Amino acid sequence: MEKKKNILAYVRGLGFRIVKTGIAVTLCLCVVKWLNLPHPLYVVLTAVLAMGASIEGSFHMAKNYIFGILCGIVVGSVSAFFLPGNAGAGGIGAIVTLYLCSLLHLRGAEALSCAAFFSVLLTQSASPLWRLALDQAGGMFLGLFVALVVNLLIMPPNYAGKILQKYRSLGEIIMVLPQTEHKRECLVALEHDVRDLQNYTMLYAAEPRFMRGETGEIKRITELSGMLQELLGELESALHIQERGLSEGQAEEAYQYHMEQIERLAAVCFGKGDRVSK
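As the structure is a computational prediction, the values presented were derived from the model and not from experiment.

**Q** Please give an account of the pattern of salt bridges that cites residues and values.
**A** Within this structure, the stated rule accounts for 4 salt bridges. Among the ionic pairs, D193 bridges to K166, the shortest N-O distance being 3.1 Å. Taken together, the positions of D193 in helix α9 (residues 183-206) and K166 in helix α8 (residues 159-176) put the pair 27 residues apart, joining distant regions of the chain. Where K166 meets D196, a salt bridge forms, and the shortest distance between an N and an O atom there is 3.2 Å. With a gap of 30 residues between them, K166 in helix α8 and D196 in helix α9 connect regions that are remote in the sequence. The buried category is assigned to K166, whose relative accessible area is 18%. Sharing partners across several salt bridges, the network here consists of K166, D193 and D196.

**Q** Describe the nonpolar core, with residues and values.
**A** Core analysis: the biggest nonpolar cluster contains 37 residues, and A24, C28, A50, Y65, I73, M140 and V146 have the highest contact counts within it. Looking at this core, the elements with two or more residues in it are α2 (16-35), α3 (40-50), α4 (55-82), α6 (110-121) and α7 (129-153). The dominant element in this core, judged by the number of residues it contributes, is α7, at 10 residues. Those residues in contact with A24, other than ones at most four positions away along the chain, are A47, M51, V146, A147 and V150.

**Q** So what's going on with the packing of helix α5 (residues 87-103) against α6? Residues and values would help.
**A** With their axes 9 Å apart at the nearest point, α5 and α6 run at an angle of 145° to one another. Remark: the crossing between α5 and α6 carries right-handed chirality. Along the contact surface, α5 presents A89, G90, G93, A94, T97, L98 and C101, while α6 presents E110, S113, C114, F117, F118 and L121. Here the contact of α5 with α6 is built from residues that sort into 8 nonpolar, 4 polar and 1 charged.

**Q** Provide a residue-level description of the state of the cysteines, including the pertinent values.
**A** In this structure the tally under the stated criterion is 0 disulfides. C101 takes part in no disulfide bond, and the closest cysteine sulfur, belonging to C71, lies 5.8 Å away.

**Q** Can you break down the packing of aromatic side chains residue by residue, with the values?
**A** All told, the structure shown has 2 aromatic pairs when counted by the stated rule. Consider the rings of F81 and F82, whose centres lie 5.0 Å apart with planes at 90°: the pair is edge-to-face. Assigned by exposure class, F81 and F82 land together as exposed. Between F117 and F118, the ring centres sit 4.7 Å apart and the planes meet at 65°, which makes this aromatic pair edge-to-face.

**Q** Describe in detail the confidence of the model for the protein chain, supporting the description with residues and values.
**A** For residues with low pLDDT, the predicted coordinates do not support detailed interpretation. Mean pLDDT over the protein chain: 81, with 84% of residues reaching 70 or higher. Note on residues 273-278: pLDDT under 50 across the span, and 14 contacts to partners over four residues away in sequence or across chains.

**Q** Can you break down empty space enclosed by the protein residue by residue, with the values?
**A** Rolled over the atoms, a probe with the dimensions of a water molecule shows which regions are left empty. The tally for this structure, following the rule as stated, stands at 2 cavities of 30 Å³ or more. Size it by volume and the largest cavity reaches roughly 40 Å³. Taken together, L170, I174, L190, V194, L228, L231, L232, L235 and F270 make up the lining of the largest cavity. Listing elements by their share of the lining of the largest cavity, those giving two or more residues are α8, α9 and α12 (225-244). Among the residues forming the lining of the largest cavity, the class breakdown is 9 nonpolar, no polar and no charged. Volume-wise, the second largest cavity comes out at about 40 Å³. Of all the secondary-structure elements, those providing two or more residues to the lining of the second largest cavity are α9 and α12. For the lining of the second largest cavity, the per-class residue count stands at 5 nonpolar, 3 polar and no charged.

About the cut-offs
- Residues numbered from 1 in each chain as written.
- Predicted model: local features only at pLDDT ≥ 70, side-chain atom pairs only at ≥ 80, totals over all residues.
- Heavy atoms only, no water.
- Salt bridge = Lys/Arg side-chain N within 4 Å of Asp/Glu carboxyl O.
- Helix = DSSP H or I, 4+ residues; strand = E, 2+ residues; numbered from the N terminus.
- Buried < 20%, exposed > 50% of the residue type's maximum accessible area, 1.4 Å probe, protein only.
- Core = buried A, V, L, I, M, F, W, Y, C linked by side-chain atoms within 4.5 Å.
- Contact = heavy atoms within 4.5 Å.
- Axes fitted to C-alpha atoms, helices over the stretch in contact; angles between N-to-C directions.
- Left-handed = near helix turned anticlockwise from the far one by under 90°.
- Nonpolar A, V, L, I, M, F, W, Y, C, P; charged D, E, K, R; others polar.
- Disulfide = S-S within 2.5 Å.
- Phe/Tyr/Trp six-rings, centres within 6.5 Å; stacked < 30°, edge-to-face > 60°.
- pLDDT = per-residue confidence, 0-100.
- 1 Å grid on protein atoms, 1.4 Å probe; cavity = no way out; pocket = protein on both sides within 12 Å on 5 of 7 lines; lining within 4 Å.
- Points joined across faces, edges and corners; volume = space filled by probe spheres on them.

Below, the structure is given as structure tokens:
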């Protein structure tokens with residue numbers, strides 16, 4: 001058990017995306033050999049380029065990748081048909097390919113689209129051009145499919161767990177804030193944790209529904225984003241007044257108002273407002 005934990009810790013340090021990319025490349029090469037595909041380079045290249053940093057990123061980009069590959073294959077086929085072996089065709093074709101990606105809003109697919117273009121233009125083959133284009137398109141779609149499957153099934157991120165962890169961290173900081181002498185540092189830590197929590201909730205919401213494992217608590221936390229920002233604003237205002245001094249009656253009144261708002265918001269977000277205000 002301890003050895004397994006050490007291996008997982010090493011993998012986390014190396015980076016899950018790097019490990020997944022290696023697994024995807026290995027699977028691609030195995031499938032290429034099994035199916036005896038003629039052009040393995042672009043299969044592997046597609047798997048590397050399409051390996052997203054997250055599951056939702058991969059799935060959201062899949063449509064762009066597919067149309068980007070198709071654009072590159074079409075432009076490459078036209079260039080190879082009319083200007084075979086022409087250096088100028090490479091530059092002009094790359095410009096056209098990138099322009100099509102921009103025109104069709106295929107964000108993030110530019111590299112794959114260019115790879116598809118050059119896979120047809122630069123590959124020497126005895127097969128007819130149409131057969132070469134189909135082979136390259138099929139191989140690149142295979143690489144894309146393998147990357148998506150690996151990202152989905154192997155070491156998927158646990159955003160629900162990260163949301164709960166950050167939420168509890170926020171609650172702990174809120175609890176110690178009144179007693180600590182380092183209120184400004186605590187406030188900075190709160191802002192950092194709130195940003196992380198908002199990022200995790202967005203990633204969680206973008207996940208395929210069957211992967212979420214949604215619970216009532218997670219749903220409630222994801223709905224608190226606006227209130228947490230409001231709570232940060234009230235804490236910042238109260239701390240600013242406190243740092244300037246509470247000697248003036250108006251300042252004392254404003255400070256009490258902000259503390260009441262903090263108590264109210266903390267009670268809604270964490271159920272501990274009475275303890276925060278003390």
